Amino acid sequence: MKKNLYKPDLMEVLEVQQQTPDVKSVRVRFRDGDRGRDFSFRVGQFGQFSVFGSGEATFNICSSSNWKDYIEFCFRRTGRVTETLWQVGKGDTIGFRGPYGNGYPMEAWEGRDLIFIGGGIAMPPIRCAVWYALENRAKYGDITIVYGARTVADLTYAAELDEWSKQERVRVVRCVDPGGETPDWKGEVGLIPAVLERAAVPAQNAVALVIGPPIMIKFTLPVLDRMGLKEEDIYTSLENRMKCGVGKCGRCNAGPVYVCKDGPVFTMRQLRSIPNDF
Amino acid sequence: MSTVLSVADLRGRIAGWIGEGKVVVAPVEVGGRLLYQALSAASQAVFDARRRPANSIKEFFFPRHEPIFRYRLEGKEIVLSDVAPEEREQIVIAAKPCDAAALPILDHVFNWDFEDSFYTARRARTTVISLACAMEDDACFCTSVGSGPADEAGSDAVLYEVEGGFEGRGITEKGGGLFDRTATVRERCEDATVRSLTVAVRKGEIAKYLEGNFESPIWKDLTLACLGCGACAYTCPTCHCFDIVDEGNAAGGARVKNWDSCQFPFFTLHASGHNPRSAQPQRQRQRLFHKFLIYPQKFNAILCTGCGNCERNCPVGLGVRKVLEAIDGELRRVDEKEPVQA
Amino acid sequence: MTERLRQTVRRLLAEDKVKVVIGYGASKAGTPAPPIFVTRPEDADKLEWNDRCFANLSVYLTRKEVKALGKAAVVVKGCDERALVVLEKESQIDRSALFVIGMACDGVGAPKCAHCQVHVPRFADEVIGTQAEPPAPPNGPNGLDRLMAKSPAERWAFWTAEFSRCVKCYACRQVCPLCYCERCITDKNRPVVIDTSATPKGNFAWHITRAFHLAARCIGCGECTRACPAGIPLGLLNQSLAQATVENFGYRPGMDLAAEPVFGAWSPKDKEDFIG
């Protein structure tokens with residue numbers, strides 16, 4: 001029988017971690033060992049993860065493509081599928097279809113300084129690129145991570161942020177919104193664009209990956225511009241409602257661009273020509 | 001040499017195919033309308049080159065509801081099982097050329113990088129026999145989008161209405177099994193009566209116009225009457241948007257692929273509550289864009305065969321033709337002000 | 001009548017009494033008159049009145065894109081006007097902020113006119129045209145009588161065959177002025193109440209639910225039947241419940257401004273001794 005593109009792989013849940021009050025990360029491995037061994041992906045790609053009976057949802061694969069024992073995704077408890085995903089635990093079975101999308105151009109970024117900027121639930125799609133770069137340390141220059149959330153409790157992968165800050169030529173700038181700090185908070189307080197500006201990151205040889213809600217991106221772009229970054233060197237990962245993930249169901253296009261096929265990773269230059277349709 | 005077949009002859013052939021266990025699809029009178037349906041009896045088949053079924057033949061390749069696999073929930077274990085594929089051969093007869101021509105257009109998206117094996121399997125086991133068209137209907141505009149009343153695209157064989165009946169000619173190898181490919185058919189069809197609609201579409205300017213007019217008041221002006229149902233999308237031969245949902249109970253169920261329409265209010269609703277197309281004019285714009293800009297850019301094919309179903313089935317008489325006409329009017333106005341250099 | 005309509009609209013717009021007039025535009029013979037939205041006095045000439053004015057334009061009064069245009073006038077036939085009465089009772093429109101232009105209608109043809117109860121709108125701000133004769137009562141068994149004469153098994157088979165053609169396009173819902181829920185029950189997925197699939201289960205669930213949600217509210221304009229691209233006689237479902245409403249509650253939706261809606265009012269004199 002011909003391959004059924006809509007049929008997912010069965011995945012065994014290895015571990016579930018609660019990152020914030022409404023965010024969990026899940027590590028899964030292929031129940032079919034051969035499939036697991038043959039599987040590969042590029043950081044920045046996504047998958048359609050499903051709970052059978054509830055449906056599918058789109059999540060970035062937030063583990064490094066160098067890790068062979070599992071893949072990981074992160075989700076916020078928001079709707080029908082994520083509500084049932086919230087109940088999933090070790091040993092359970094979920095579905096996975098992928099990898100889909102274009103991924104980050106990690107090869108093109110070699111030799112450059114990397115500036116990662118993210119807000120809230122945007123850390124997972126940044127995390128995979130950070131780990132990948134750290135695992136190929138010699139190929140990349142200085143790494144700066146500017147990451148913020150509304151409150152301290154909303155920071156995802158907080159422990160890994162600590163780990164990264166101890167690495168060679170890695171600078172981590174954490175921030176929370178004014179009012180979101182705890183008494184012992186040692187990071188920055190402020191909105192990401194302002195924090196980024198204050199951080200005064202050298203950008204002559206940098207590329208930036210900015211992920212977050214549209215309003216955050218809107219106010220971060222002028223800062224990046226002042227830092228000297230050109231539009232073709234600023235990247236983002238878009239979100240849009242998806243179903244098939246492979247460009248057939250007609251749902252995720254933003255103007256002439258299919259987020260699932262032409263994206264989800266775009267440069268700012270490309271984004272300028274994408275109409276307000278996402 | 002060819003033989004003139006009467007309706008009775010054709011129905012006789014159909015009876016034979018049904019007897020062989022094939023699924024035969026033809027236009028049928030039902031519910032006060034002409035609709036393509038799988039026949040239970042050959043006598044149901046209607047051969048009328050002057051009428052157009054209110055639906056399209058796409059549902060015999062891309063069904064309105066199709067289980068894509070089943071799942072059983074057994075404690076912590078999940079067992080997936082494949083849906084048994086339909087094995088029977090399928091013959092669509094008396095298809096309008098504008099329905100047949102939609103198939104090669106749809107082939108692009110259903111084979112784009114990943115093959116939709118449900119669609120391709122049905123395509124492979126279906127023979128399409130079109131009936132060349134003699135319609136006189138203002139909603140038609142096939143010649144404006146590169147098709148026409150005798151378009152052979154997507155057809156394996158074609159029937160022509162002649163005096164006393166019909167003559168048939170095979171086009172592809174598949175069709176040659178049913179009708180002689182070397183038959184000399186006295187071809188006759190009234191394409192003079194089909195209005196050539198839009199200068200814009202014919203000259204290919206529609207895509208350029210759309211590109212430059214994403215944010216334009218025309219969307220609101222033209223489409224305020226749209227009520228946001230799916231009648232246009234579902235009766236359209238080329239619309240193919242779909243939804244994937246799980247249906248079942250605690251013991252198990254199926255993941256299914258269902259038709260969906262970009263006109264429904266929640267089509268693009270995010271789980272966060274954000275909806276990029278929260279107003280009807282935005283949704284109407286998407287339909288026009290998908291058909292006349294996005295699909296052509298990706299696949300070099302217009303996602304429309306000018307059949308007019310959208311307009312005929314729209315409860316308020318909208319449809320893409322009216323929007324194209326308005327855009328064409330805009331372009332003519334611009335042309336008159338600044339004549340195009342020859 | 002068309003010229004009088006245009007005069008009225010010209011005046012309303014020129015005097016800024018309304019911002020938009022929802023009426024019918026031009027169409028070729030045999031095709032429905034399209035709804036149009038006239039905002040300038042000079043465009044009043046685009047309005048038409050003929051026997052192809054099928055649509056129930058009151059459906060636009062609850063759509064946000066139309067509400068955004070400002071104070072409206074709407075052209076209604078007698079059947080359409082009944083929807084206005086129900087919409088007002090259900091607090092969906094502000095009647096005082098609406099200018100109603102009633103058209104005396106000689107009919108737009110079967111199947112819509114088979115159950116006509118109002119040929120001349122009674123509660124309009126302005127009525128155009130007059131009715132020569134009151135409508136003749138339908139003679140002979142109508143579609144509903146024929147259907148109810150069948151046995152339950154036959155009726156089940158009838159609807160199974162009819163619904164086999166339903167593709168879940170929701171044209172029936174979208175043309176209905178009383179289906180104004182911002183999020184229809186079929187769009188809810190936590191939990192899923194009605195399968196969205198066009199299967200026998202999904203189709204029966206949808207149509208029966210919709211009929212029940214319209215019970216004692218449907219005003220019999222027949223738009224759902226007309227709009228169905230598959231030719232399913234949906235109106236029969238609503239008619240059977242309308243008949244039950246008359247028999248049990250003596251109530252006809254949209255006929256009487258003073259009558260309280262069956263599902264919107266409670267009285268100590270209600271027949272049942274329970275609520276629900």
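Residues numbered from 1 in each chain as written. Chains lettered and ligands numbered in written order. Predicted model: local features only at pLDDT ≥ 70, side-chain atom pairs only at ≥ 80, totals over all residues.

**Overview of the interface of chain B and chain A**
The condition is simple: Working definition of a contact: two residues with C-beta atoms, positioned from the backbone, lying within 7 Å. Strands here are runs of E lasting at least two residues and helices are runs of H or I lasting at least four, both read from the DSSP assignment and numbered beginning at the N terminus. Amino acids outside the nonpolar list (Ala, Val, Leu, Ile, Met, Phe, Trp, Tyr, Cys, Pro) and the charged list (Asp, Glu, Lys, Arg) are all regarded as polar, and Gly is one of them.
Between chain B and chain A, the residue contacts involve 43 residues of the former and 34 residues of the latter. Broken down by secondary-structure element, the contributors of at least two residues to the side of chain B that touches chain A are β3 (65-74), β4 (77-81), α3 (102-110), α4 (117-124), β9 (242-249), β10 (252-259) and α10 (280-299) of chain B. The greatest single-element share of the side of chain B that touches chain A, amounting to six residues, is contributed by β9(B). The class makeup of the residues in the side of chain B that touches chain A is 24 nonpolar, nine polar and ten charged.

**Some details on the interface of chain C and chain B**
Between chain C and chain B, the contact holds 30 residues from the first and 32 residues from the second. Mapped onto the side of chain C that touches chain B, the elements with two or more residues apiece are β2 (35-38), α2 (64-67), α6 (171-175) and α8 (223-227) of chain C. No other element matches the three residues that α6(C) contributes to the side of chain C that touches chain B. Considering only residue class, the side of chain C that touches chain B consists of 17 nonpolar, seven polar and six charged.

**Structural notes on the sheet that holds β4(B)**
Residues and elements named next belong to chain B. This is how the line gets drawn: Criterion used throughout: strands pair if DSSP finds at least two bridges between them. Comment: axis = line fitted to C-alpha atoms, over the contacting stretch for helices; angle = value between 0 and 180 degrees taken between N-to-C directions.
Overall, antiparallel pairing links the four strands, which are arranged β4-β3-β10-β9 in an open sheet. If you trace the sheet from one side to the other, it starts and ends with β4 and β9, each paired once. On average, each strand axis in the sheet is tilted by 25° relative to the strand beside it, whichever way the strands run. Here eight bridges tie β9 to β10, and the two strands are oriented antiparallel to one another. Along β10, the bridge assignment pairs Asn-249 with Gly-252.

**Quick look at the pairing of strand β9 (residues 170-176) of chain A**
Look at any regular strand and the pattern is simple: side chains alternate between the two faces of the sheet. Residue and element names in this part refer to chain A. What counts here: Here a residue counts as buried when 20 or more other C-beta atoms sit within 10 Å of its C-beta, as exposed when there are 12 or fewer, and as partly exposed otherwise, the C-beta atoms being derived from the backbone. If the strands point away from the viewer and the path from the first strand over the helix to the second runs clockwise, then the crossover is right-handed.
Within β9, five of the seven residues are buried, which leaves it mostly tucked inside the rest of the structure. Inspection of the sheet shows strand β8 (residues 143-149) paired to β9 by seven bridges, in the parallel sense. Within β9, the residue paired with Ile-143 across the bridge is Val-170. Following the chain from β8 across helix α4 (residues 158-165) to the adjacent parallel β9, one finds a crossover that is right-handed. Where β9 and strand β10 (residues 188-189) come together, two bridges link them in parallel fashion.

**Comments concerning helix α6 (residues 214-226) of chain A**
All names here are of chain A. Applicable threshold: A helix is expected to reach a length of 1.5 Å times the quantity of its residues less one.
Its 13 residues place the ends of α6 19 Å apart at the C-alpha level, agreeing with the 18 Å of an ideal helix rising 1.5 Å per residue. On the buried face of α6, the contacting elements are β7 (113-119), α5 (192-199), β11 (206-211) and β12 (234-237). Positive phi appears at Gly-228, one or two residues downstream of α6, with a value of about 100°.

**Section: the domain arrangement of chain C**
All names here are of chain C. Rule in force here: Segmentation into domains, and thus their bounds, comes from an automatic or database assignment.
Looking at chain C, the domain boundaries give domain 1 (2-128) and domain 2 (143-249). Of note, the centres of domain 1 and domain 2, computed from C-alpha atoms alone, are 26 Å apart. Its residues assigned to classes, the side of domain 1 that touches domain 2 comprises eight nonpolar, five polar and three charged.

**A short note on the environment of C:Val66**
Along the chain, C:Val66 falls in helix α2. Residue class for C:Val66 comes out buried when judged on the 21 C-beta atoms lying within 10 Å of it. If we ignore the near neighbours within four places in the chain, the residues touching C:Val66 are B:Leu224, C:Tyr60 and C:Leu61.

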